[in-house]
Amino acid sequence: MSTQHPARPHYTITFVVLAVAATAYVLLQSLVLPALPDFQRDLHASETSVSWILTAYLLSASIATPIIGRLGDMYGKERVLLIVLVILAAGTLLSAVATSMNVLIAGRVVQGVGGGMFPLAFGIIRDEFPRQKVAGGIGLMSSLIGIGGGAGVVLAGPIVQSMSYHWLFWFPLVAIVIGAVATHFFVPESPVKTPGQINWMAAVLMSAGLVAVLVAVSETTLWGWGSVKTLGLIAIGLVILAGWVVTEARSREPLVDMRMMRIKGVWTTNAAAFLFGLGMYSAFIIIPQYVQEPTSTGYGFGASVVESGLFLLPSTVAMLLIGQFSGTLDRIIGSRPVLILGAASTVGSFAVLTFARSHEWEIYAASALMGVGIGLAFAALANLIVQNVPQEQTGVATGMNTVMRSLGGALGGQVAATFIANSVTNGSPTDHGFTLAFGVCLAGLVASLLVSFLVPRRGIVGEVDPHRPPVPGDLVGQEV
């Protein structure tokens, strides 16, 4: 294990650099959502092919995130982060100049590799921040995932209306380049590394299993949930993932340590993350679609693309404000209560969206409640993982938690989209279809709230190996 470098940049500077890069990546995920019709029109694409702008990105990120987290633990988080930012910049440049759907999708696949920056960032914060500042730093970094998601939907309308879809990539590219240069100069190399090798067989099995499941889920609007192709591909994916788990359990140098994944504080937090993602991510798609429906439907508000984004502005502002205080809340009441409060707030938000959304102010209120919940829950999820694993496994552990959230989001989004699509009459979905869609999200969040109570009150880092000597950053026995 390497020693601490004597002269290291102030942790605030490190955080700013990480935040710039992370925000640019998250914006790339959400900026495209309101612009999908523009991509379809300008690139002369089908509705099925344009959906791959999202699917390709999600698949790539889900596969790359835990692998990159593991590489950061092994070879140094700053070094790997810089490589990831260069790859992200290349993918964003390719998307910015794309004039065909195939090129754009290729660019999105490359961009998805950027998902690995979050486990790297969490690890850098744990390595570099004073111990009393770690929870706050991780909480604020986590909240950027939600903040960027909401802000992207808000900003996409004005950009597309006044310019073109190309600028949805040019603007983030500038931030990515700045972040990469600043990372080289202002982010110190990891003081904690775990020498080893990547278990490539495990990586292939994990990737193949995730691809099979995610492709099946992503194509349900075309194939249907009960089709042979959907069920067959999901079954194949689950069998491959089971083989991955067996391979990891028998490996001397696993990609993802299954002993770590069995720690109660880890598996309960991952389960809560999956269910939270199932409920929450759909909102960034369903709410704009709902408010854009014409008033003639009897429920829509006839909002433009720009106006529909403003309905998510309270959520973005709330996440930004809550993120500032997540560290203080963590120190006062612990990460578990913060997660419970966050899940409860989002349950309240989707209860409003499911049962009381006939007025604009109700949508705004639900959006604000959702922002509070996301800000609290995202901060708590990352902190709970960090508090329950050894410092040298921070990258891969937080990477898997990020993947669980994304998998839940993919599943929830497709189930909600199915209810909306199946309710279309006379060219528009029915109000009941949206009620079912919001209800699915509500059910996922209620389940997440219930699972949150199973998260242990204390995170025991040494559970992975009770004979392992303590390392800097272990939080054995600390209240979470």
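Residues numbered from 1 in each chain as written. Predicted model: local features only at pLDDT ≥ 70, side-chain atom pairs only at ≥ 80, totals over all residues. Heavy atoms only, no water.

**Overview of the nonpolar core**
Working step 1: Ranked by size, the top nonpolar core spans 115 residues in total, and within it Phe39, Met117, Phe118, Met141, Leu168, Ile287 and Phe350 carry the most contacts.
Working step 2: Setting aside residues no more than four positions away along its own chain, methionine 117 makes contact with Ala21, Ala22, Tyr25, Leu81, Val84, Leu85 and Leu88.
Working step 3: Counting residues in each nonpolar core, the second largest holds 31 residues, with Leu58, Ile67, Val215 and Ala410 among its members. (Core = buried A, V, L, I, M, F, W, Y, C linked by side-chain atoms within 4.5 Å. Buried < 20%, exposed > 50% of the residue type's maximum accessible area, 1.4 Å probe, protein only. Contact = heavy atoms within 4.5 Å.)

**Focus: the packing of aromatic side chains**
Working step 1: Per the counting criterion, the structure on display carries 17 aromatic pairs.
Working step 2: With centroids separated by 4.9 Å and ring planes inclined at 55 degrees, the aromatic side chains of tyrosine 11 and phenylalanine 129 adopt a geometry described as tilted. Placement of tyrosine 11 in helix H1 (residues 11-30) and of phenylalanine 129 in the loop between helix H7 (117-128) and helix H8 (131-162) is noted, with a sequence separation of 118 residues between them.
Working step 3: Ring centres of tyrosine 25 and phenylalanine 118 lie 6.2 Å apart, and the angle between their planes is 65 degrees; on these two criteria the pair is classed as edge-to-face. Of this pair, tyrosine 25 sits in helix H1 while phenylalanine 118 is found in helix H7, placing the two residues 93 residues apart along the sequence. (Phe/Tyr/Trp six-rings, centres within 6.5 Å; stacked < 30°, edge-to-face > 60°. Helix = DSSP H or I, 4+ residues; strand = E, 2+ residues; numbered from the N terminus.)

**Looking at the environment of leucine 312**
Working step 1: In this fold, leucine 312 is placed in the loop between helix H16 (305-310) and helix H17 (313-333).
Working step 2: Residue classification places leucine 312 among the buried positions, given a relative accessible area of 0%.
Working step 3: Through-space distance from the C-alpha of leucine 312 to that of glutamine 40 is 24 Å; in sequence the pair is 272 residues apart.

**As for a nonpolar patch on the surface**
Working step 1: Side chains of Ile13, Val177, Val181, Phe185 and Phe186 sit close together on the surface and give an oily, nonpolar patch of about 470 Å² of accessible area.
Working step 2: At four residues, helix H9 (residues 167-186) tops the list of elements feeding residues into the nonpolar patch.
Working step 3: Tracing the chain through its elements places valine 177 in helix H9.
Working step 4: Take valine 177: its relative accessible area is 42%, and that puts it in the partly exposed class. (Patch = residues over 30% accessible without salt bridge, like charges linked within 9 Å, V, L, I, M, F, W, Y side chains within 5 Å. Areas by Shrake-Rupley, 256 points an atom, 1.4 Å probe, with all protein chains shown as cover. Salt bridge = Lys/Arg side-chain N within 4 Å of Asp/Glu carboxyl O.)

**Here's the deal with empty space enclosed by the protein**
Working step 1: For the structure on display, the rule yields two cavities of 30 Å³ or more.
Working step 2: Space inside the largest cavity adds up to approximately 170 Å³.
Working step 3: Lining of the largest cavity is provided by 16 residues; of these, Tyr25, Gln29, Ala61, Thr402 and Ser406 occupy positions nearest its centre.
Working step 4: Of all the elements in the fold, those that place two or more residues in the lining of the largest cavity are H1, helix H4 (52-75) and helix H20 (394-422).
Working step 5: The element best represented in the lining of the largest cavity is H4, accounting for five residues.
Working step 6: Of the residues in the lining of the largest cavity, the class split is nine nonpolar, six polar and one charged.
Working step 7: Taken as a whole, the second largest cavity spans an internal volume of roughly 30 Å³.
Working step 8: In terms of lining, the second largest cavity is formed by Leu18, Ala21, Ala22, Leu81, Met117, Ala121 and Met141.
Working step 9: Broken down by element, the residue count for the lining of the second largest cavity peaks at three residues, all from H1.
Working step 10: Here the residues of the lining of the second largest cavity are counted per class, giving seven nonpolar, no polar and no charged. (1 Å grid on protein atoms, 1.4 Å probe; cavity = no way out; pocket = protein on both sides within 12 Å on 5 of 7 lines; lining within 4 Å. Points joined across faces, edges and corners; volume = space filled by probe spheres on them. Nonpolar A, V, L, I, M, F, W, Y, C, P; charged D, E, K, R; others polar.)

**Focus: the pattern of salt bridges**
Working step 1: Inspection of the entire model under this criterion finds five salt bridges.
Working step 2: Aspartate 127 serves as the salt-bridge partner of lysine 77, at 3.0 Å between the closest nitrogen and oxygen. Of this pair, lysine 77 sits in helix H5 (residues 77-97) while aspartate 127 is found in helix H7, placing the two residues 50 residues apart along the sequence. An identical accessibility class is assigned to lysine 77 and aspartate 127; each is buried.
Working step 3: A cluster of three or more residues bridged by salt bridges with shared partners is formed by Asp38, Arg41 and Asp42.

**Focus: the confidence of the model for the protein**
Working step 1: For the protein, the mean per-residue pLDDT works out to 84, and 93% of the residues sit at or above 70.
Working step 2: Under a pLDDT of 50 for its full length, residues 1-6 has, in the predicted model, nine contacts with residues more than four places off or in other chains.
Working step 3: Contacts for the low-pLDDT stretch residues 459-480, under 50 throughout, to residues beyond four places or in other chains number 57 contacts. (pLDDT = per-residue confidence, 0-100.)

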